[in-house]
Amino acid sequence: MFWLFFNHEQVRTMSRVKRRTTHPPYWHVLKNNQRQDEKISSDNLRFVREVIQDKYKNKSPIKGSDLDIEKKEWDPKTKRSGVIARNIGVQHMWEKDGKKVVCTVLHVLDNHVIRYVPPEEYAKSIIGAKVFRNRKPLGCLVVGAEAANPDRFTRQYCSLFSEVGLLPKKRLARFIVTPNAVLPPCTPLTAGHFVIGQAVDVYGKTIDYGFQGVVKRWGFKGGPASHGATKFHRRGGTIGTGRDKARVWPGQKMPGHMGSERRFCRGLKIVRINMKYNVIYVKGTVPGPTNSIVQIFDTLLPRRKFTEAPPHPTYFPPEDGTLPQEDIWDSSLHVFGSPSISV
Amino acid sequence: MLRRAVLQTFRQGLAQSFFKRNAVSLSETTVTHQPIETSNEADEKSVSKQKPGDESGNTVVVAPPEFRFMYPEFLPDPAMERRNRLKEKLERIDMLQRRSVVEIPEFYTGSVMAVTVADANSPNKFARFVGICIQRGGSGLRAWFILRNVVDKQGVEILYEMYCPLIQKIEVLRLERRLDESLLYLRDALPEYSTFPLDMEPERRLNNSVVPINPLKVKLRPRPWLERWERQNLQGVEDLNLPQRFYDKAEKVAKPWEKYDLMLQYRKTIPAEEQEKIFADVHSQLQQQEFKRKMRRRRGTDNEQ
């Protein structure tokens, strides 16, 4: 009976955790601006846009700061930065033996590093204190993606980026990094950050199914479709015994909101990288619907981690101006332009 | 009176803009039994139009309007939630790459085709199947078609994925169309309508520029059938000779208002402007590939001589 009791306890604790909110945390800066009805002529509007473009173009990593990229060594315990991407769909590819493989296409957006929070400072913050309660603290890189017009955001939100001199980004994410994988602000992150054949973890919000019944949500079998079943086709049935505790246990599986939860998909293999369009093809599927934003980072799974040094701390285009190979394929995949497979 | 006139013109304008936008897509819904012109021999008969020129003064190549019937898999799935222009563009590049290696000819449901596939379990490692195309679907790299034949009195259907790299060769032995877009009723028809010799030779077409429509009316076997064919408005089937109650029930269950539902058709199709852009790009690439193939063939015959 002891293992049964333990199982209930685990379910009880998790059922009390609040899984979804529609509002951001209280310590977030107010983000979106109410659209002002500014009576501005189209010529002036165009001029303002040109000024913005001139001001923010050709941003390069801030040199001369403490965070200059000295050649810091990679070691197997390094945690590199991750990347913000959009899941743009699913494409079928084939392996060299003809086996079909479902690959998710992830478009790495225009990522830039916004800020680095050193380990001591991060450990004092609310989230950092929780994460590193009994562990050695690590640093935190704030990365932004999808530059947008400053008009749609509040002044406080734009100030997060103006210190660095970047156009405000629609999306922000934090990535835990070891101090030797630090990047200076304004560093761009591209698809070249990853290596062909490596395993990545993808973190995203699952598809929102809304209020769902017990059959779809928990996989209950429901009741018989015919043979005289009266109003019992997709219901849950019994929700407890009469004897034990004589009440419904917390965590009892019932209809409710399904989906729209943050989940990891671990250990997905990168099978193709397109450097021209900044697109990664990952073997398998990823949490969330098409066109949703996800975060990609190197896997935590111990057997699939790096054995050799990846582009550390990130990929930089070669200084002699040579362009990288546009389309890199994994050795297991059949390249579409190559001759048909003969078994 | 003036307000009503204004409203009327507004409504007309709306309808006109709808029709203009969907002129290409709406005509797809009503099965037009007009033979389709192909641009197979593109250099012999220049079907591709040249637009009078854009701002830079260059002539803009426009694909022939029949392309949306010849290559329907280049159009993406119209469901708006799942559309992404970048992904569709990348998929198209991959499709054209594959087409540069294997010639995937133009075909329709009702065409008789032969497909050679690499098969480890076959005696000579290649398996060839001949059959009539009864259905085709999918978009992008997932495009598929089903071939049906009757072999040793057993009906056999094989679904082929058009862009699978195991496919060595796709030949069209008889290029024609039928009166319906889907020939699934051949499963309930007499076997002679689905039987084609496995060693069938490719047939030469008399008129290369027009795809003929075979007005064949197929005889079905006696009931029971796999589907309720009387409810599907089939043109290519002989009179079903069913009791009147079947037709009465079909009328009750029918949805005759769907042909007037503009939004339904709009959601099922890609807008005409996007179709033009997609096929313009595809057309130029396919022309280049066709030219390269011709040169390879000519060089081959020269070498033989």
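Placed above this text is the structure.
Overview of the structure.

Basis of the calculations
Residues numbered from 1 in each chain as written. Chains lettered and ligands numbered in written order. Predicted model: local features only at pLDDT ≥ 70, side-chain atom pairs only at ≥ 80, totals over all residues. Heavy atoms only, no water. Helix = DSSP H or I, 4+ residues; strand = E, 2+ residues; numbered from the N terminus. Polar contact = N/O pair within 3.5 Å; in protein donor to acceptor, adjacent residues only side chain to side chain. Contact = heavy atoms within 4.5 Å. Phe/Tyr/Trp six-rings, centres within 6.5 Å; stacked < 30°, edge-to-face > 60°. Buried < 20%, exposed > 50% of the residue type's maximum accessible area, 1.4 Å probe, protein only. Lys NZ or Arg CZ within 6 Å of the ring centre and 35° of its normal. Buried area = accessible area lost by both parts, 1.4 Å probe. Salt bridge = Lys/Arg side-chain N within 4 Å of Asp/Glu carboxyl O.

## Topic: the environment of Thr230(A)
Within the fold, Thr230(A) resides in the loop between helix H6 (214–218) and strand S9 (256–259). Considering only alpha carbons, one finds Thr230(A) and Pro255(A), 25 residues apart in sequence, at a separation of 20 Å.

## Quick look at the side chain of Asn84(B)
With respect to the helices, strands and loops of the structure, Asn84(B) is situated in the loop between helix H2 (67–70) and helix H3 (85–101). At 3.1 Å, the side chain of Asn84(B) and the backbone nitrogen of Leu86(B) are in polar contact. Filtering out sequence-adjacent residues up to four positions away, Asn84(B) remains in contact with Arg86(A), Ile88(A) and Asn291(A).

## Let's talk about the packing of aromatic side chains
A ring pair, where both rings are aromatic, is described by two values, the distance of the centres and the angle of the planes. In total, this model carries 14 aromatic pairs over all chains according to the counting rule given. Aromatic side chains Phe264(A) and Phe297(A) sit 6.1 Å apart centroid to centroid with 75° between the ring planes, which places their arrangement in the edge-to-face category. Within this pair, whereas Phe264(A) is found in strand S10 (residues 262–274), its partner Phe297(A) is found in strand S12 (residues 292–298), the two being separated by 33 residues in sequence. Of the residues examined, Phe297(A) reaches a relative accessible area of 17% and is grouped as buried. When the ring of Tyr71(B) is compared with that of Phe74(B), the centres are 6.2 Å apart and the planes differ by 75°; the resulting orientation is edge-to-face. Above the plane of the ring of Phe107(B) lies Arg136(B), whose end atom (NZ or CZ) is 4.1 Å from the centre. Directly above the ring of Phe69(B) sits Arg177(B), whose terminal nitrogen or CZ lies 5.9 Å from the centroid.

## Observations regarding the interface of chain B and chain A
In this complex, chain B contributes 27 residues to the contact, which on the side of chain A involves 28 residues. Around 2300 Å² of area is buried between chain B and chain A when both sides are counted, 59% of it from carbon and sulfur atoms. In terms of surface lost to chain A, no three residues of chain B exceed Lys87(B), Leu90(B) and Pro165(B), which account for 23% of the buried area on that side. Our enumeration of links across chain B and chain A arrives at 2 salt bridges. The interface formed by chain B and chain A contains 11 residue pairs in polar contact (both at pLDDT 80 or more). Listing elements by their share of the side of chain B that touches chain A, those giving two or more residues are H3 and strand S8 (167–174) of chain B. Among the elements that make up the side of chain B that touches chain A, the one with the highest residue count is H3(B) (9 residues).

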